[in-house]
Amino acid sequence: MDSAKSAEKILMAIQSVIGSEPVSLHSPEFSGNEWNYVKECLDSTYVSYRGKFVDEFESALASYTGVKHVVLVVNGTTALQIALKLVGVEPNDEVLIPALTFVATANAVSHCGATPNIVDSEEGNLGIDPERLRIYLQETADQVGGLCVNRKTGRVIRALVPMHTFGHPSRIEDILQVARDFNLALVEDAAESLGSFYKNRHTGTFGLIGTLSFNGNKIITTGGGGAIMTNDSLLAERARHLTTTAKIPHPWEFDHDEVGFNYRMPNLNAAIGLAQLEQLDDKLKRKRDLFSRYEAEFRFVQDVSLFREPVDCRSNYWLQTILLSDESSALRERILESTNKMGISTRPAWKLINTLAPYQNCPKMDLNVAASLYRRIINLPSSASLSGVVS
Ligand SMILES: *Cc1c(COP(=O)(O)O)cnc(C)c1O
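Undergrad: Sorry, what's going on with the site of the ligand here?
TA: Taken together, 15 residues surround the ligand, and among them G76, T77, E192, S213 and K218 come closest. At 2.5 Å, a side-chain N or O of T77 approaches an oxygen atom of the ligand. Within the contact set of the ligand, a nitrogen atom lies 2.8 Å away from a side-chain nitrogen or oxygen of D189. Alone, the ligand offers 380 Å² of accessible surface; in the complex the protein occludes 93% of this. Looking at the shell around the ligand, the elements with two or more residues in it are α4 (76-86) and α5 (103-111). For the shell around the ligand, the per-class residue count stands at four nonpolar, eight polar and three charged.

Put into structure tokens, the structure is as follows:
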């Protein structure tokens, strides 16, 4: 196959949708009540973690996702760290995470003093492959007194962290069944999947705890921010306590009953978040429109497929993704180079976790599918605002 010709056709398909002006991968939009709420927040002087916007954003998120409790924190990484700690991850444990994820998933495990145990993904939804994970655990772990123990390292495998890649739901029910069968706590990294549903149930609400991120590049943003979601009121209470310096509530006394964290989201950020959430449904609609426009253009382009939501799922289409059929890196490099040269921000997938310097010696299963996906994925400009651009 002639990769120069293929690259040219793919570039033309992209330009038919977004035009040829420079454009970012994903831009935030502030076209609702952001300014009003921030002003109200400043006027109230409640700019730190106490204030009505924290309460209101937490309630609004809970009702949107259908989860009982939401605890806002300073970012998605700390949300995951606290989630892992609360489900019992201790120093020297192992935690199963996908190879194909943002480094934050692995870092949260490390921040608990634990080690990632890295697992493969599947092509249909870019998430953990539950069948192959089951076989891997059968081959490498023993069940000892209700614990899952890695036969090679002797360490307890405490938790499993699926991630819903680019907003596409993983096969979370099957993954949850593996967690149950092997005594693993399930924590869902839903950082990318606010607005994504698996069989009508919101992602991040299947495990003991799920986490969100509101970083600037996510579907809605608070500048920086994250959330812990759970249906367990004890876990929610523990999350609130631990992220608020483990302070025992008292009108004037400073008393703390364990080593806590200062991880609560400031009211100022929550004010922006509440305004952003009000616009989420509209944004989801426009992102689906953008997908349809890319789909119309890519339908007739050979050697490449546009990634669509898995069956039984509703995806937020956070990042639009093409999958090249060619595994040689030539075509991918050409596309990345020609688009980025023109200021059209396209991106490859993250380098696999097991190839990053701090994680090269982690235990892992055969990662052939993730390795192939890494060589073939390109993310396209995905801002909702692009849905209305006339080329
Ligand atoms: C963005 C992201 C996070 C972490 O979020 P921050 O708010 O940036 O700390 C975690 N996991 C995944 C998969 C992400 O994409």
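Here the narrative resumes.
Undergrad: Can you walk me through the layout of surface pockets in this structure?
TA: If a probe the size of a water molecule is rolled over the atoms, the empty space left behind becomes visible. Of the voids in this model, the largest pocket is the one considered here, and its volume is about 430 Å³. Lining the largest pocket are 26 residues; nearest its centre among them are F102, E192, N217, K218 and W350. Where the lining of the largest pocket is concerned, the elements lending two or more residues are α4, α5 and β15 (347-348). Of the residues forming the lining of the largest pocket, the biggest block, three residues, is contributed by α4. Its residues assigned to classes, the lining of the largest pocket shows twelve nonpolar, ten polar and four charged. A volume near 350 Å³ is recorded for the second largest pocket. Taken together, 14 residues make up the lining of the second largest pocket; nearest its centre are Y49, R50, R240, T244 and P249. Of all elements in the fold, only α3 (52-65) and α8 (233-243) reach the threshold of two or more residues within the lining of the second largest pocket. Taken together, the residues that form the lining of the second largest pocket break down as four nonpolar, three polar and seven charged.

Undergrad: Explain the pairing of strand β16 (residues 377-380) to me, please; I cannot follow it from the model alone.
TA: If a strand is regular, its side chains alternate between the two faces of the sheet. Judged by which residues are buried, β16 turns out to be covered on both faces: I377 and N379 on one side and I378 and L380 on the other are all buried. Here four bridges tie strand β14 (residues 320-324) to β16, and the two strands are oriented antiparallel to one another. What sits directly across from T321, in β16, is N379.

Criteria and thresholds
Residues numbered from 1 in each chain as written. Predicted model: local features only at pLDDT ≥ 70, side-chain atom pairs only at ≥ 80, totals over all residues. Heavy atoms only, no water. Near = heavy atom within 4 Å. Polar contact = N/O pair within 3.5 Å; in protein donor to acceptor, adjacent residues only side chain to side chain. Areas by Shrake-Rupley, 256 points an atom, 1.4 Å probe, with all protein chains shown as cover. Helix = DSSP H or I, 4+ residues; strand = E, 2+ residues; numbered from the N terminus. Nonpolar A, V, L, I, M, F, W, Y, C, P; charged D, E, K, R; others polar. 1 Å grid on protein atoms, 1.4 Å probe; cavity = no way out; pocket = protein on both sides within 12 Å on 5 of 7 lines; lining within 4 Å. Points joined across faces, edges and corners; volume = space filled by probe spheres on them. Buried < 20%, exposed > 50% of the residue type's maximum accessible area, 1.4 Å probe, protein only. Pairing = 2+ DSSP bridges.

So yeah, pure geometry; function would need other evidence.
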